[in-house]
Amino acid sequence: MSLPIVPKIAFGGDYNPEQWPEEVWKEDHRLFDAARIDTVTLGVFDWALLQPAPDRYDFTLLDRIVERAGAEGRQICLATATGAHPAWLARAHPEVTRTDFEGRRHRYGQRHNSCPSSPVFRRLSTELARRIARRYAGNPAVVAWHVGNEYGGACYCDLCAAGFRAWLRDRYGSLDALNAAWYTTFWSHTFTDWDEIEPPSALTEHWRGPNHTAFQGITLDYLRFMSEAMLANFTDEKAAIRESSPDVPVTTNLMGMYRPIDYHRWAPHLDFASWDNYPPDDNSPAWMALTHDLMRGLKNGQPFWLMEQTPSHTASRDVNPVKRPGVMRLWSWQAVAHGADAVLFFQLRASRGACEKYHGAVIGHAGRDDTRVFREVAGLGAELDRLGGATLGARTPARVALLFDWDSWWALEISDGPSRLLRYQQIVHAYYKALWTAGVDVDVVPVTADLTDCQVVVAPALHMLKGDLAQRLAAVAERGGSVLTTFLSGRVDEDDNAFLADVPGPLGPLLGIRIDEWDARPPEVVNPVRLRDAEAGAAGGSAGEVEVESRLLFELVIPQGAEVLGTYQADFYAGTPAVTRNRHGAGHGWYVAAGLDQPGVDWVVRRVLERHDLLGPYAELPELESTVRVAPDGTRLRFLLNHGTEPIETTAYAAGTDLLGGERIEAGQPIRLGPTGVLVLREDAAGPAGRRGTGSPADREGTP
Ligand code: GLA
Ligand code: ZN
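Residues numbered from 1 in each chain as written. Chains lettered and ligands numbered in written order. Predicted model: local features only at pLDDT ≥ 70, side-chain atom pairs only at ≥ 80, totals over all residues. Heavy atoms only, no water.

Enquirer: How do you make sense of a nonpolar patch on the surface when you look at a structure like this?
Expert: Together, Y183, F186 and W187 make up a nonpolar patch on the protein surface, roughly 390 Å² of accessible area in all. Inspection of the secondary structure puts Y183 in the loop between α7 (175-182) and α8 (216-242). (Patch = residues over 30% accessible without salt bridge, like charges linked within 9 Å, V, L, I, M, F, W, Y side chains within 5 Å. Areas by Shrake-Rupley, 256 points an atom, 1.4 Å probe, with all protein chains shown as cover. Salt bridge = Lys/Arg side-chain N within 4 Å of Asp/Glu carboxyl O. Helix = DSSP H or I, 4+ residues; strand = E, 2+ residues; numbered from the N terminus.)

Put into C-alpha cells, the structure is as follows:
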C-alpha cells in the first residue's frame, strides 16, 4: 500500500464546517470550486462531537459533511478525530491526561494531551477510529485516513513509568544488561529491581530542563520509549481502520524535523508520509528543502503529502508575519519540487473563536473571494490543474545522501560537554544548505538506508555509530564514492557509551585520522581556517585556496594517513589540521574537525561534489533552487525556483516545455525568473550525452 489514488496533485486542506452553520457550507463549496480545491481533510478534532458521552456515538453531522463533500466532487482525507480528547473522558478517567516533566498531573485542557500509555485512552481512541472507518470505508470519496494529529510531547505519569519498565525488560532482558548499557556504576545507580527505575524528569535525573541529564543512557531510552509509545497509539488506530478498510492508505501529519519523535522508526508503519510545513522563520528555503527531503526519505523516496501549510500567516508565534505576494505559491511549488503529491492548507475557512481565530485561512471570516490570499490560492489551483498528473509518483534522482539520525540528535543535545551551543539541526542544515545552493538533488535518509547507489554520503555530526554503519560507509569510499563527516562523529555506541578507542572510533580507518583532544569556545571566538586543495587548483577548479572562519568546536587532529586540506590559523593548535581527506579504496573519507562558517562548509562540499561532477547546472546562483523529479514514465521535470528578492537571468540548461506557461524552451535560451518566480520544465526525452548527470560545465553553458 502506498499513496492515495488521486488524478492530480491533491489541493485543499483542513476543513471544519462543524464549527459554523450549515447554510455556509454551500458557499464554502462554491469558493472551493473557484479555487479548484479538490481535497478536504475532515474531522481532525471531532471526538466530542462524535462521542458526546461514553456510551453514545453520533455521526449525524459528520455524515452530512462527508455526504456534501462527496456530492460536490471533493476527495476526502478523513481523520479519526482523536487529535483532542473530550472533557467527559478526562473527568471520568483523570489518568488520560499527561503528567509533565516537572511531575504535574495535568487536568483537562488544550489538545494533544492524552497519556499514550493510558489503557482507557488507547481503548477509546481505537474504538472511535474503528467506528469511523466502518462507517465511511465504503465511501469512494475517502482517499486517505488521517490518524490523530501531530503526535508529540511526552508524559511522565505512573502508567508511562510502568510502560517504560516493560519496554526496558523487552529491550535488555536482564538488569545486568541494562546496568551495563546505562553505565550505572557511575554515581551508585546500579538497579537491583525493575521497579526502582524512574522516568528521567525534573524530579529524577534532570536539572535545567530536558537536555541536562545525569544519565544519558536513561534519557535516551526514555526518548526512544516515548516515541514508540505514541507510535503504538497510531498503530492501534491503524489496525482498527484496517478491519473495514483494507485498501485506503493511512497516514498521520508529521512535523518535519521534530525532535521528540524518531520518524524513521515510525515510517514503516505509515502507508505514506505527510507533514505540516511551518518553518521557523520566513527566510529559510534550505531549511524547508531539507525537511521535505527528510520526509521524502521516510518512505524510501516515495512522494509525500504536504498536509498543512498556512496560506498566509500562523497565529501561534509572538509575531506572525504574512507571506508576501508570491511566497505561498513559491513554497507550494518547492514542496512539489521535493516530492509532494499534495498541497494542502491549514485551513480552508477561518475559525471564528478560540486560539486560531487569527490563523490564516483560504477563506477569511468575511467569506470573500476577492482577497489577495484567495486570489493567490485560486491562481495556484489553476496551475496545479494545468499540471495534471505530471508529477504523480515522480522520484528524485539523487546520487547524494545526507544521513539524518534521531539517536545522534538526541545523544548530541543531551550530552554534558563539549558544548551546549552545538545544535544538531544547525550542523545538518549547514551541510544541507551547501548541497542545496550547489543545486544537487539530495536524499535525506536514515543511517540504516542502503547506500550502495550513492556517490556521495554526507553525515554531519554522526555522533552515534550503530550496527554495521562504519563498514557500510567505508564500502561507499571503497567503491570510489566520497564520505564526508564532521566533528563529534564516531563518538559513542548505541547505548551512548564512548568507544574504548581513538576518536572517531570505527570511522578511523575510513577517515585516516585520530582526534587527540578538543576545544570548545564561546561563539565570539573565531579560529580562521585556511583551506587549500592542490588538486582543485591543478584541475583548474575554483577556489584553490581560501580563508574562512570556524567557531564553537575545534578538534585537534593527528593524521593517520589523511591529507590535510585545511589548517587552524590561531591558538596553540595553529598550523594543525582542521579539514582532511583520506584516500580509502577507490574513494575518499573527508573530515571537518571544526565548526566552519557557511563559506567554509560550502567550499568543502563543493570540492566533494566536483570530484563526482555533481555540481548542479545553476550552482553559481545561490538563490535559484533547482531540483529534478523523474516521473514513472521516465519524463524529467526540472523545477527552478527563485527564492531571492531580485530577478534572476540565466539560460535554460536543457530544452523542453514550460509546463506552467506552456511555451517551448530551447537549451541555451535566456530565461528570467522574477522574485518568487517558478519554472517547471518538462525536459525533452532524449538529451545529449552527459545530460543525465547533473551537468558538466558545457551543459551549464547550454551548449550540448
Ligand atoms: C498544526 C495543527 C493544526 C493547526 C495548525 C496551526 O499544524 O495540526 O491543527 O493547529 O498547526 O498552525
Ligand atoms: Zn503517561
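Enquirer: Can you help me understand helix α6 (residues 158-172) in this one?
Expert: One turn of an α-helix holds 3.6 residues; hence residues three or four places apart share an orientation. With 15 residues, α6 extends 21 Å from end C-alpha to end C-alpha; this agrees with the ideal 21 Å at 1.5 Å per step. Of the residues making up α6, those classed as buried are C160, A161, F164, R165, W167, L168 and Y172. All buried residues of α6 fall inside an arc of 165 degrees around its axis, so they share one side. Buried residues in α6 make contact with α7 and α8. The positive-phi residue at the C-terminal boundary of α6 is G173, with phi of around 75 degrees. (Expected span 1.5 Å × (residues − 1). Buried < 20%, exposed > 50% of the residue type's maximum accessible area, 1.4 Å probe, protein only. Arc of directions from axis to C-beta. Contact = heavy atoms within 4.5 Å.)

Enquirer: Please explain the coordination of the zinc ion (ligand 2) as it appears in this structure.
Expert: Six octahedral donors around a metal ideally subtend angles of 90 or 180 degrees, whereas four tetrahedral donors ideally subtend 109.5 degrees. Every protein donor of the zinc ion (ligand 2) is accounted for by C115 (SG), C155 (SG), C157 (SG) and C160 (SG), and the metal-donor separations fall at 2.2 to 2.3 Å. Taken together, the four donor atoms coordinating the zinc ion (ligand 2) and their angles of 101 to 118 degrees define a geometry best described as tetrahedral. Spacing between the donor residues of the zinc ion (ligand 2) along the chain follows C-x39-C-x1-C-x2-C. As far as burial versus exposure is concerned, C157 and C160 are alike and both buried. (Donors = N, O, S within 2.8 Å, 3.2 Å for Na, K, Ca; no water. Tetrahedral: all angles 85-135°; square planar, octahedral: opposite > 155°, others 65-115°.)

Enquirer: Looking at this structure, how should I read the site of ligand 1?
Expert: In the region of ligand 1, the neighbouring residues are F45, R111, N149, E150, N253, D276, Y278, E308, F346, E356 and H359. At 3.5 Å from an oxygen atom of ligand 1 is found a side-chain nitrogen or oxygen belonging to Y278. E308 has a polar side-chain atom sitting 2.4 Å from an oxygen atom of ligand 1. Considered on its own, ligand 1 offers 310 Å² of accessible surface; in the complex 94% of this is hidden by protein. Partitioned by chemical class, the residues of the shell around ligand 1 number three nonpolar, three polar and five charged. (Near = heavy atom within 4 Å. Polar contact = N/O pair within 3.5 Å; in protein donor to acceptor, adjacent residues only side chain to side chain. Nonpolar A, V, L, I, M, F, W, Y, C, P; charged D, E, K, R; others polar.)

Enquirer: Just checking my understanding: could you explain the environment of A144 for this structure?
Expert: Relative to the helices and strands, A144 resides in strand β4 (residues 142-146). Separated by 308 residues in sequence, A144 and T452 place their C-alpha atoms 33 Å apart. In contact with A144, not counting residues within four places along its chain, are P4, I76, C77, L78, V248, P249 and F272.

Enquirer: Please clarify how the sheet that holds strand β2 (residues 39-42) should be interpreted in this entry.
Expert: Within a sheet, each strand pairs with its neighbour through backbone hydrogen bonds, oriented either parallel or antiparallel. The nine strands lie next to each other as β5-β4-β3-β2-β1-β9-β8-β7-β6, forming an open sheet whose pairing is parallel. Whereas interior strands pair on both sides, the edge strands pair on one side only; in this sheet they are β5 (250-251) and β6 (253-254). (Pairing = 2+ DSSP bridges.)

Enquirer: How should I be thinking about the pattern of salt bridges in this particular structure?
Expert: Once the charged atoms of two side chains with opposite charge are near each other, the side chains can pair. Applying the stated criterion across every chain yields a total of 50 salt bridges. Of the charged contacts in the structure, one is a salt bridge between R130 and E127, with a shortest N-O distance of 2.6 Å. Placement of both R130 and E127 in helix α5 (residues 119-136) is noted, with a separation of three residues, approximately one turn of the helix. With relative accessibility at 18%, the residue E127 sits in the buried group. For R171, the salt bridge identified is with D221, shortest N-O distance 3.5 Å. With R171 in helix α6 and D221 in helix α8, this residue pair connects regions lying 50 residues apart in the sequence. The class of R171 is partly exposed, set by a relative accessible area of 32%.

Enquirer: Quick question: what am I supposed to make of the packing of aromatic side chains here?
Expert: Centre-to-centre distance and the angle between the planes together describe a pair of aromatic rings. In total, this model carries 30 aromatic pairs according to the counting rule given. Centroid distance F11 to F345: 5.7 Å. Interplanar angle 75 degrees. Geometry classified as edge-to-face. You can see F11 sitting in strand β1 (residues 10-15) and its partner F345 sitting in strand β9 (residues 340-345), a full 334 residues away along the chain. Across the pair, F345 and F11 agree in class, each one buried. (Phe/Tyr/Trp six-rings, centres within 6.5 Å; stacked < 30°, edge-to-face > 60°.)

Enquirer: Where do I start with the sheet that holds strand β27 (residues 678-683) in this structure?
Expert: An order of β21-β22-β27-β24-β25 is seen for the five strands of this open sheet, with the pairing classed as antiparallel. Two strands close off the open sheet at either side, each with one partner strand: β21 (624-630) and β25 (664-665). Bridging between β21 and strand β22 (residues 636-642) involves seven bridges; their strand directions are antiparallel. Bridged to T627 within β22 is F639.

Enquirer: Help me understand the pairing of strand β3 (residues 75-79) in this model?
Expert: Moving residue by residue along a regular strand, the side chains alternate between the two faces of the sheet. Here β3 lies mainly inside the structure; five of its five residues are buried. Here β3 shows two buried faces, one formed by Q75, C77 and A79 and the other by I76 and L78. Where β3 meets β4, four bridges bridge the pair, whose relative direction is parallel. Along β4, the bridge assignment pairs C77 with A144.

Enquirer: Can you help me understand unusual backbone geometry in this one?
Expert: Trans peptide bonds make up the majority, and among non-glycine residues the majority have a negative phi. The omega angle of the peptide bond from F346 to Q347 is 0 degrees, so this bond is cis rather than trans. Here Q347 shows up in the loop between β9 and α12 (372-387). Cis geometry marks the peptide bond from G417 to P418; its omega dihedral reads 0 degrees. The residue P418 is located in the loop between α13 (406-413) and α14 (424-437) in this model. One non-glycine residue, E150, lies in the positive phi region at around 40 degrees. In this fold, E150 is placed in the loop between β4 and α6. For E150, a relative accessible area of 13% translates into the label buried. Positioned with a positive phi, N300 is a non-glycine residue whose angle comes to about 55 degrees.

Enquirer: In this structure, what is going on with the packing of helix α10 (residues 285-298) against α14? I would like to understand it.
Expert: Running from amino to carboxyl end, α10 crosses α14 at an angle of 95 degrees, the nearest separation of the two axes being 9 Å. Classed by the angle they form, the pair α10 and α14 counts as roughly perpendicular. Between α10 and α14, the contacting residues are P285, A286, W287, A289, L290 and D293 on the first element and Q425, V428, H429, Y432, K433 and W436 on the second. In terms of residue class, the contact of α10 with α14 is built from eight nonpolar, two polar and two charged. (Axes fitted to C-alpha atoms, helices over the stretch in contact; angles between N-to-C directions. Parallel < 35°, antiparallel > 145°, perpendicular 65-115°, else oblique.)

Enquirer: Where do I start with the side chain of T41 in this structure?
Expert: By secondary structure assignment, the location of T41 is in strand β2. Judged by its relative accessible area of 0%, T41 is buried. Those residues in contact with T41 that lie beyond four places of it in its chain are G13, D14, Y15, C77, H146, M307 and L344.

Enquirer: Hey, could you run me through the pairing of β27 in this one?
Expert: Taking burial as the measure, the six residues of β27 include five buried ones, the bulk of the element. Strand direction decides the pairing type here: β22 and β27, joined by five bridges, are antiparallel. In the strand pairing of β27, L640 is matched with L679.

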